[in-house]
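# Examining the three-dimensional arrangement
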Amino acid sequence: MLYKICKIPPEKGFDDIFKINDDAINNTIATLQDPETNRSVSITSDRNGLVVFTANSFTKEDMNFSRTNGIGIPYEGVALEAQNLPDATRFDNFGDIIIKAGETKVHEIDYHVEF
């Protein structure tokens, strides 16, 4: 389950980060599914944040998509980006993001697509 941790933007759609519950089953942090086709993508990650972005401001002026003859259409796409929560250095419950000299950190993000 996700918890939204920021204000709703003035534009419609999403460009927000959500806090991941510590009890995410098998580290599955999100699933997008089309109920008509049953196509889906599930994301597993050890990160504690997920950005959801719905291409709110795509326009002909700032996009060049070949599938739509160069016309960007708002909400044409959605991006799910697993990452660490911002401001983690100021909030203890956002996790430790400090990497000390000589230390190595590795994170995994997996996308599972079903057709």
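Residues numbered from 1 in each chain as written. Predicted model: local features only at pLDDT ≥ 70, side-chain atom pairs only at ≥ 80, totals over all residues. Heavy atoms only, no water.

Now for the overall build of the protein chain. In terms of helices and strands, the protein chain carries 0 helices and 7 strands. Reading the secondary structure of the protein chain in the N-to-C direction produces β-β-β-β-β-β-β. Relative to its full complement of 115 residues, the protein chain shows a buried share of 26%. Sequence-distant contacts in the protein chain: of pairs separated by 6 or more residues, those separated by 24 or more amount to 55%. A total of about 8,500 Å² of accessible surface is found on the protein chain, and carbon and sulfur atoms cover 53% of it. (Helix = DSSP H or I, 4+ residues; strand = E, 2+ residues; numbered from the N terminus. Buried < 20%, exposed > 50% of the residue type's maximum accessible area, 1.4 Å probe, protein only. Contact = heavy atoms within 4.5 Å. Areas by Shrake-Rupley, 256 points an atom, 1.4 Å probe, with all protein chains shown as cover.)

The subject of this paragraph is the environment of Glu108. Residue position: Glu108 is located in the loop between strand E6 (79-83) and strand E7 (109-114). Contacts of Glu108, omitting those with residues within four sequence positions, involve Thr44, Ser45 and Asp46.

Turning our eyes to something else, we now look at the side chain of Thr54. Relative to the helices and strands, Thr54 resides in the loop between strand E5 (49-53) and E6. Taking the relative accessible area as the measure of exposure, Thr54 reaches 14% and is therefore buried. Within the local environment of Thr54, its side chain forms a polar contact with the backbone nitrogen of Phe14, the two atoms lying 2.8 Å apart. Setting aside anything within four residues of it in sequence, one finds Thr54 in contact with Gly13, Phe14, Tyr75, Glu76, Gly77 and Val78. (Polar contact = N/O pair within 3.5 Å; in protein donor to acceptor, adjacent residues only side chain to side chain.)

The next thing to look at is the pairing of strand E3 (residues 28-33). Pairing between E3 and strand E4 (residues 40-45): 5 bridges, direction antiparallel. Within E4, the residue paired with Thr31 across the bridge is Ser42. Once E3 ends, the chain turns through 6 residues before running back antiparallel as E4, passing Asn38 with a positive phi of about 65°. (Pairing = 2+ DSSP bridges.)

Think of a pair of aromatic rings as described by two things: how far the centres are apart, and how the planes are tilted against each other in angle. In the structure shown here, the tally under the stated rule is 2 aromatic pairs. Relative to Phe18, the ring of Phe14 lies with its centre 6.2 Å away and its plane at 55°, an arrangement referred to as tilted. Owing to a relative accessible area of 37%, Phe14 belongs among the partly exposed residues under this scheme. Here the aromatic rings of Phe91 and Phe94 are separated by 5.1 Å at their centres, their planes lie at 35°, and the arrangement is tilted. (Phe/Tyr/Trp six-rings, centres within 6.5 Å; stacked < 30°, edge-to-face > 60°.)

On to the sheet that holds E7. Taken in spatial order, the 3 strands line up as E3-E4-E7 in an open sheet, and their pairing is antiparallel. With one partner strand each, in any of the chains shown, E3 and E7 form the two edges of the open sheet. Adjacent strand axes in the sheet meet at a mean angle of 15°, parallel and antiparallel pairs treated alike. Direction of pairing for E4 relative to E7: antiparallel, over a ladder of 6 bridges. In the strand pairing of E7, Ser42 is matched with His112. (Axes fitted to C-alpha atoms, helices over the stretch in contact; angles between N-to-C directions.)

Taken as a whole, this structure holds 2 salt bridges when the rule is applied. With its nearest N and O atoms 3.9 Å apart, the salt bridge here joins Asp34 to Arg39. Its relative accessible area of 43% is what places Arg39 among the partly exposed residues. Between Arg90 and Asp87 there is a salt bridge; the shortest N-O distance is 3.6 Å. (Salt bridge = Lys/Arg side-chain N within 4 Å of Asp/Glu carboxyl O.)

Note that all results are geometric; they support no functional claim without further evidence.
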